[in-house]
Every structure is written in structure tokens, then in C-alpha cells.
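Now for the letters of each chain:
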Amino acid sequence: MKAPRPRFGSQAPWAGRAQVSLPSRNTSPARELLKRLGLAVGLLLLLTLIVYIDRDAYADHAANDGVSFVDALYYATVTMTTTGYGDITPVMPHARIINVFVVTPIRIAFLVLLVGTTVEVLANEGRRALQDSRWRKTMRNHTVVIGYGTTGQSATATLLRGGMPPERIVVIDTSPQAVAAANRQGMAAFEGDATARELLHRAELPKAKEVIVTVGRDDTAILATLTVRQLNRGAHVVVAVRDSDNVALIRQSGADAVVTSSDAVGRLMGLSSISPQLGEVIEDLLTSGDGLEIVQRQVTSEESGKDPNEIDGEKVLAVVRNRTLRRYYETGAEVLRTGDQLVVVRKAPVTPRTPRVE
């Protein structure tokens, strides 16, 4: 069902809707507003000093007691705002010339500053709406990361190191700090509740290829997974949960893969206690950017026809053929074919770590 078009004179069509937060280097609105306010006050004080220094050339027709500093400030205010009551006027010829060549340009500059600020605010809102519309039209087959805490940032860092462009990743989080952190990494982001269908639509989730849910709470993860699966039945959905008892429920909600964080951490701690070197190797595989890493990649044309053990520089753990996983000790993958994928262990490229937002 199509939404009704807004009537003439009604609220702007983009008002109240979550818009994408794109990476930007612009100054903050508060700083820009303070800067313009300072310029306006500076123009007002400049005009006040001009009138007060030359106060003998002005006449106060209301009180006939001369022009004080307060009168000069009053005259500058009503002059800059084009109110012009006429009770204080320049009477000397040189004062009128100063009003023509100095005061009038100051008044025009003040009006330009005032009108320019208003117009810029409206233009920025319109430009944001236009950017939001253009961005959503180009987003498809992208990855949506719901939750940008420690787990979400680790997941996106792995995606980036795997060669995924940051502009193909969309982050959704309730924290403005997390949204800002995603922008600093070059990713688009939305601030809001990830279980809201409207927000997920704005993030173009129905067109996404991959969805990663790392919200930190299992009940929220279940609701988010149900909503994601209703909006997109073809996406590959990976969900992180804390309690292993909720794994079956998460899978019934539509998750393709479930990672139990508490069990994984507990098993790693147990291995590190029983077999310290084994725990160190497992931690090394899970840690990106140093030592060893485990990846899944496509078989190259040069590797087609070879035995998996003949691959140089990498240790093949499994071969994926026709979406079927064949481990290194299983039959059926002794010769690699074009279109196969390899799960390999190799030396990790050294990359700088990025700061995290808790």
C-alpha cells in the first residue's frame, strides 16, 4: 500500500524519518551557529561604537538629552533590523555620509547573515533528504550490521580486511557515538531501534545480501532476526547470542548461522588452561591482523586441477563445492575445480587496529 502524498503546505515529506548518516568532514551545527552569532554581535557592537563616538552628530528627538551609550546601542539595533523608529537620527552631514557608506553596508551584511543562516538550514535539510534518497537508490547486495559494539566492530573490521568496501556496509545502532564511529570508518549508519521495520526499510535491508546481528541482548536479537527475515527472505543472516539455550530459538527465527559468544569465550578459556599453546593458537586464529588467520576464498584458475595439499603458502582445511563442505580428510575433493571455495589458514597481513566504541 502506497503512502499518501503530502498535501500542499503540510510538513516536509522527510520530516520525522530516520535518514542515513554519511561520512562527513563538516563542522558541527552548534559551532557554526555560534560562529554566526558572534559575527552578528560583532556587527552590532561595531555600529554601536560608530554612533557613540560620533554621538554629537546625532539628535534624540524623543528626550532631547543627547545620545548616550544605551541610545547608541538602541539606534544600532533598530537600524540593523530595519525597524527605524526615527526618534534618533543623524543631523550632521558627515554623520549622514557615514550612514550611507558604512552603516548601510553593515545593515545589509547583518540581513544577509540572518537570511543566509535561515536559507542554509532549509537547504541543508533538503540536501540531506536528497542525499538520503540517492543513497538508498544505489544500495543493494550490501551488508547490514545491526549493533556496533565490540562484536559489531570486530565483525566489520574483518569484512573490511577481507576486501569489502566500507560504502557497502550499513550500520544500525541506538548510540550516536557508535554511529559517529561508523562514519569515521567510512560507513553509512542509522541511529535508532533495529527492530523497527521503518528503520530497516530506510537502511534498504530488503535489498541486502548479508545481515549481521550483534545487539548484545538475546531477546532483542530474536526480535531483530524475526523482523529481518520478514523483510528479506534471501539474505544470509548471522546472529550473535550470549546464552546457548537461545540458539535453537534464534535458528527458528530465521538465522542461517548463530555464534554463541559466552560458550566460545568459555571454551577458549578452558583450552588456554588445559593446553596453553593450543589456546594461544585458537586465539591467534580468531585475532585479525597478526599471526595466523582463517579465511574462505575462491579457487583461482592456476589452482584448478591441483591437489589441495599442493597449494603454496596456505593450509587447506576444507573445500566448499556446490554449497557442500568437504573437510581435508573427507573424500570427494582430491582435485580442485573452478568454482570451488577453499577454507585455508594463512599468515595474516599486519594492519593497524581501529579504536572501538563500547
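All figures in this text were calculated on a predicted structure; none of them were measured in a lab.

## With respect to the overall build of the protein
Along its length, the protein carries 10 helices and 12 strands. The proportion of buried residues among the 358 residues of the protein is 34%. Contacts in the protein between residues far apart in sequence, at least 24 positions, make up 66% of those at least 6 positions apart. For the protein, the exposed area adds up to about 22,100 Å²; of that, 57% sits on carbon and sulfur atoms.

## Focus: the sheet that holds strand β12 (residues 341-347)
The strand order β9-β12-β10-β11 describes an open sheet built from 4 strands, whose pairing is antiparallel. On the outer flanks of this sheet lie β9 (292-298) and β11 (324-327), each paired with one strand and no other. This sheet shows a mean twist of 25° between the axes of neighbouring strands, independent of strand direction.

## What about the confidence of the model for the protein?
Predicted coordinates in areas of low pLDDT are best not read in detail. Averaged over all residues, the pLDDT of the protein is 81; the fraction at 70 or higher stands at 82%. pLDDT under 50 marks residues 1-16. Its contacts with residues more than four places away, or in other chains, come to 6 contacts. Counting interchain partners and residues more than four positions distant, the pLDDT-below-50 stretch residues 354-358 has 14 contacts.

## Structural notes on unusual backbone geometry
The backbone phi angle of N141 is positive, close to 55°, even though this residue is not glycine. In this fold, N141 is placed in the loop between α3 (93-138) and β3 (143-146). What makes N141 exposed here is its relative accessible area of 57%. Here R323, not a glycine, exhibits a phi torsion of approximately 65°, which is positive. Along the chain, R323 turns up in the loop between β10 (315-321) and β11.

## Section: the packing of aromatic side chains
On inspection of all chains with the given rule, the structure shows 4 aromatic pairs. Arranged with centres 5.5 Å apart and planes meeting at 80°, the rings of Y52 and F69 form a pair that is edge-to-face. Of the two residues, Y52 is situated in helix α1 (residues 29-53) and F69 in helix α2 (residues 69-80); the sequence distance between them amounts to 17 residues. For Y52, a relative accessible area of 28% gives the class partly exposed. When the ring centre of Y52 is taken as reference, the NZ or CZ atom of R55 above it lies at 4.3 Å.

## Some thoughts on α2
Across its 12 residues, α2 extends 16 Å between first and last C-alpha, which sits within 8% of the 16 Å expected from 1.5 Å per residue. Looking only at α2, the buried set comprises D71, A72, Y75, A76, V78, T79 and M80.

## Here's the deal with helix α5 (residues 176-184)
All of the buried residues along α5 are A178, V179, A181, A182 and N183. As for α5, its buried residues are in contact with β4 (169-173) and β5 (188-191). Positive backbone phi, approximately 90°, marks G186, located one or two places after α5.

Each value, and the rule that gives it
- Residues numbered from 1 in each chain as written.
- Predicted model: local features only at pLDDT ≥ 70, side-chain atom pairs only at ≥ 80, totals over all residues.
- Heavy atoms only, no water.
- Helix = DSSP H or I, 4+ residues; strand = E, 2+ residues; numbered from the N terminus.
- Buried < 20%, exposed > 50% of the residue type's maximum accessible area, 1.4 Å probe, protein only.
- Contact = heavy atoms within 4.5 Å.
- Areas by Shrake-Rupley, 256 points an atom, 1.4 Å probe, with all protein chains shown as cover.
- Pairing = 2+ DSSP bridges.
- Axes fitted to C-alpha atoms, helices over the stretch in contact; angles between N-to-C directions.
- pLDDT = per-residue confidence, 0-100.
- Phe/Tyr/Trp six-rings, centres within 6.5 Å; stacked < 30°, edge-to-face > 60°.
- Lys NZ or Arg CZ within 6 Å of the ring centre and 35° of its normal.
- Expected span 1.5 Å × (residues − 1).

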